[in-house]
Amino acid sequence: MALYSEKVMDHFRNPRNVGSIENADGIGEVGNAKCGDIMKIYLKIDDDIVSDVKFETFGCGSAIASSSMATELIKGKPVSEALTLTNKAVTEALDGLPAHKLHCSVLAEEAIRAAVEDYHSRHSAGTGA
Amino acid sequence: MVYADNAATTKMSRTAVAAMLPCMEETWGNASSLYGFGQKAKEALEAARAKVAACLGASPGGIYFTSGGSEADNQAIISAAHLGAKKGKKHIISTAFEHHAVLHTLKKLEQEGFEVELLDVHENGRVSAGEVSAAIRGDTALVTIMYANNEIGSVQPIAEIGAVCRERKVLFHTDAVQAAGHLPIDVQKQNIDMLSLSGHKFHGPKGVGVLYARTGIPLENLIEGGAQERGKRGGTENVPAIVGMAAALEEACAHMDENMAKVQALRDKLIGGLRRIPHSVLNGDEKHRLPGNVSFCFEGIEGESLLLLLDDKGICASSGSACTSGSLDPSHVLLAIGRPHEVAHGSLRLSLSEENTEAEVEEILRAVPEVVEYLRGISPLWKDKVIGKREFLLPESYR
Ligand SMILES: Cc1ncc(COP(=O)(O)O)c(C=O)c1O
Ligand SMILES: [Zn+2]
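Residues numbered from 1 in each chain as written. Chains lettered and ligands numbered in written order. Predicted model: local features only at pLDDT ≥ 70, side-chain atom pairs only at ≥ 80, totals over all residues. Heavy atoms only, no water.

Novice: For this particular structure, what's the right way to read the overall build of chain B?
Specialist: For chain B, the count of helices and strands is 14 helices and 12 strands. Its C-alpha atoms give chain B a radius of gyration of 22 Å, near enough to 21 Å, the size a compact globule of 399 residues would have. Counting only C-alpha atoms and orienting by the principal axes, one finds that chain B spans roughly 75 × 50 × 35 Å. For chain B, the residues scored as buried account for 59% of the 399 residues in total. A sequence separation of at least 24 residues applies to 72% of the contacts in chain B between residues at least 6 apart. Entry remark: accessible area of chain B is about 15,600 Å², with carbon and sulfur atoms responsible for 54%. Once the 41 positive and 51 negative side-chain charges of chain B are each reduced to a mean point, those two points are 3 Å apart. (Helix = DSSP H or I, 4+ residues; strand = E, 2+ residues; numbered from the N terminus. Rg over C-alpha atoms; globule rule 2.2 N^0.38 Å. Buried < 20%, exposed > 50% of the residue type's maximum accessible area, 1.4 Å probe, protein only. Contact = heavy atoms within 4.5 Å. Areas by Shrake-Rupley, 256 points an atom, 1.4 Å probe, with all protein chains shown as cover. Lys, Arg positive; Asp, Glu negative; His and termini not counted. Charge placed at Lys NZ, Arg CZ, Asp CG, Glu CD.)

In structure tokens, the structure reads:
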């Protein structure tokens, strides 16, 4: 049996939405180099909809595939929905991950939440002033 | 497929397979049976013992067949430790980058009250006989230091360390699993009291190995049972595997010089090409190195994704990254030579055999830089380093 599902390997080999967004509305970075996984998510938001999303990842196959799948799951969705994305949803969409790789999908969930929070803090700062 | 993971296991040689077949199809009796048919198996077993002994410069009486390198390491260390404890000696010297078969056995002994001292292996992955000598105390029961490291390939000054131990009357064990069949071994000349090796690292079968113990060193049984292996290892002998291993070892030793020359040339070509990758570092001593070992760290990337993409290109390699080990920490070997966690995550081990070709090395040299560049391109860590937001940990060009 292969280590990863076909879905994981597809997203690992052909990651969707890889790259960065200039003048992103929200950026989230989680993980650290010591642990071997860093994920960075860039969001473009129009009318409270995630109109574009990109990612950069330093990490294993599961980390790259989770980032790719997570961006696919929130693209075109309302910001409020992006915030509710769980690592379980990412894992299920990937047809599962090995148990010791689940933490990589948790990072994807956290990176998106961090990016949305960044968007909110910029947003409130901008309008509040 | 380009198989460059010979430190993990090797393909069985035709000689080994050919030696095994008659043991399965003709002389398949039980070596402990007294009738002639069983005794034929016994003869094959003893011929294998003599062959292995000859390859190590040992007497056949010192050769014990085991289920592999791990069992040999366990039995050697536990036997020597308990022997020492009877004389009140409960101090054991080893190194921080031994194989887990050694380190986990030492952990167990620590729980029994032994004091384990792990020597620093420095950036080049070597300890000196002087450092071993300085660590030896009146209550030292055992020094166990691997002949050659499985991840970074560094080779220890085994004869010198052995001489120091002999002089100070301390038992010396070496895990020679990566060295056997690849580097010369002579237990007499190198002052080795106990040695472990494993059949599948030199084109023999898996699940079979050897523990050598000098005459007069009483072994402690790990497996109780019948009188096999002079009562030191119960269980009907796996004669086909033992015979296959002996044939493979004999063949490897007979062709050692030519294999070494060939493999070393391939290794050096590979090292020369890979060190052109910016912000990379060779792990392990450059000179005192296994003939087939190439071990690098590449900054800004993670090893598992490197391996998966190399696999897509048909290249079998290995890494010491956390995500390949199943734990959260990268390889203890890379940490022991002082690589920062971040750098250790980006490691790649390629291990060659005489079956590899120059064309394969060229194929690897095309694939690795391409994959490293791609992964750096999607790595936020690498990007931060390039724009100066984070510091590079490895110099841009090779030292
Ligand atoms: C240095 C070293 N020691 C011990 C072992 C364990 O050998 P085996 O797989 O035969 O138990 C290995 C194999 O991976 C090794 O490389
Ligand atoms: Zn991971």
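Novice: Please clarify how empty space enclosed by the protein should be interpreted in this entry.
Specialist: In this approach the atoms are scanned with a rolling probe the size of a water molecule, which exposes any empty space left behind. Enumeration over the complete set of coordinates arrives at 1 cavity of 30 Å³ or more. In this structure, the largest cavity spans a volume of roughly 40 Å³. If you go around the largest cavity, the residues you meet are T57(A), F58(A), G59(A), I64(A), G300(B), I301(B), E302(B), S305(B), L375(B) and S379(B). Here the residues of the lining of the largest cavity sort into 4 nonpolar, 5 polar and 1 charged. (1 Å grid on protein atoms, 1.4 Å probe; cavity = no way out; pocket = protein on both sides within 12 Å on 5 of 7 lines; lining within 4 Å. Points joined across faces, edges and corners; volume = space filled by probe spheres on them. Nonpolar A, V, L, I, M, F, W, Y, C, P; charged D, E, K, R; others polar.)

Novice: Teacher, can you tell me more about the pattern of salt bridges here?
Specialist: Opposite charge on two side chains makes pairing possible when the charged atoms of those side chains draw close. In total, this model carries 32 salt bridges over all chains according to the counting rule given. Residue K385(B) pairs with E342(B) through a salt bridge whose shortest N-O separation is 2.7 Å. One end of the pair, K385(B), is in helix α14 (residues 380-386); the other, E342(B), is in helix α12 (residues 341-344), and 43 residues separate them in sequence. Each of the two residues, K385(B) as well as E342(B), counts as buried. Where salt bridges share partners, they join E29(A), K40(A), D384(B) and R390(B) into one cluster. (Salt bridge = Lys/Arg side-chain N within 4 Å of Asp/Glu carboxyl O.)

Novice: Explain the nonpolar core here, please?
Specialist: Inside soluble globular proteins, nonpolar side chains tend to come together where they are buried. If you look at the biggest cluster of nonpolar residues, it comprises 69 residues, and the most contacted ones within it are L56(B), I63(B), F65(B), V143(B), I161(B), L195(B) and L197(B). Per-element tally for this core: the top contributor is helix α7 (residues 239-254) of chain B, with 9 residues. When residues of this core are assigned to domains, at least three map to each of domain 1 (2-7 + 255-383) and domain 2 (14-254) of chain B. Discounting residues that sit within four places of it in the chain, L197(B) has contacts with L56(B), G68(B), G69(B), A176(B), V177(B), A180(B), F202(B), G209(B), V210(B), M245(B) and L249(B). One finds M39(A), Y119(A), V2(B) and I378(B) within the second-largest nonpolar core, a separate group that totals 65 residues. (Core = buried A, V, L, I, M, F, W, Y, C linked by side-chain atoms within 4.5 Å. Domains from an automatic or database assignment.)

Novice: Which parts of the structure should I look at to understand the pairing of strand β5 (residues 140-144) of chain B?
Specialist: Residues and elements named next belong to chain B. Of all the 5 residues making up β5, 5 are buried; the element is thus mostly covered by neighbouring parts of the structure. Across 3 bridges, strand β3 (residues 91-95) lies against β5 in parallel orientation. If you follow I92 over to β5, its bridge partner there is L142. Bridge analysis of β5 against strand β6 (residues 171-175) gives 3 bridges, and the strand direction is parallel. The residue of β6 that forms the bridge with T144 is H173. Once the chain exits β5 it traverses helix α6 (residues 158-167) before rejoining the sheet at β6, and the crossover so formed is right-handed. (Pairing = 2+ DSSP bridges. Right-handed = clockwise from strand over helix to strand, strands pointing away.)

Novice: Whenever I open this one, the site of ligand 1 confuses me. Can you help?
Specialist: Residue and element names in this part refer to chain B. In the vicinity of ligand 1 there are 13 residues, among which S70, D175, Q178, S198 and K201 approach most closely. Here an oxygen atom of ligand 1 sits 2.6 Å away from a polar atom, N or O, in the side chain of S198. In this structure, an oxygen atom belonging to ligand 1 sits 3.3 Å away from a side-chain N or O atom of H200. Notes on ligand 1: free accessible area 390 Å², of which the protein chains cover 84%. Judged by the proximity of its atoms to the pocket grid, ligand 1 belongs to the largest pocket. Here the shell around ligand 1 gets 3 residues from one element, more than from any other, and that element is helix α3 (residues 69-86). Across the shell around ligand 1, the residue classes break down as 2 nonpolar, 8 polar and 3 charged. (Near = heavy atom within 4 Å. Polar contact = N/O pair within 3.5 Å; in protein donor to acceptor, adjacent residues only side chain to side chain. Sits in = over half its atoms within 2 Å of the grid points.)

Novice: I would appreciate a short explanation of the environment of G377(B) in the present structure.
Specialist: Residues and elements named next belong to chain B. Mapped onto the elements, G377 comes out in helix α13 (residues 358-377). On the basis of relative accessibility, which here comes to 56%, the residue G377 falls in the exposed class. Distance in space between the C-alpha atoms of G377 and G300 is 9.5 Å, their sequence separation being 77 residues.

Novice: Hey, could you run me through the interface of chain B and chain A in this one?
Specialist: How big an interface is tends to be stated in terms of accessible area lost as the parts join. Facing 24 residues of chain B, the contacting portion of chain A comprises 28 residues. Summed over both partners, the interface of chain B with chain A buries about 2,000 Å², with 62% contributed by carbon and sulfur atoms. Applying the counting rule to chain B against chain A returns 4 salt bridges. Measuring nitrogen to oxygen at the nearest pair gives 2.5 Å for the salt bridge that ties K101(A) to E304(B). There are 11 residue pairs in polar contact (both at pLDDT 80 or more) connecting chain B and chain A. Contributing elements (two or more residues each) for the side of chain B that touches chain A: α9 (303-312), α12, α13 and α14 of chain B. When residues of the side of chain B that touches chain A are assigned to their parent elements, the largest contribution, 5 residues, is made by α9(B). Looking at side-chain class alone, the side of chain B that touches chain A contains 10 nonpolar, 6 polar and 8 charged residues. (Buried area = accessible area lost by both parts, 1.4 Å probe.)

Novice: I tried to follow the state of the cysteines on my own but got confused; where do I start?
Specialist: Linking two cysteines covalently via their sulfur atoms produces the bond known as a disulfide. Scanning all chains against the criterion turns up 0 disulfides over all chains. Of the cysteine sulfurs around C316(B), a residue in no disulfide, the closest is that of C60(A), at 20 Å. (Disulfide = S-S within 2.5 Å.)

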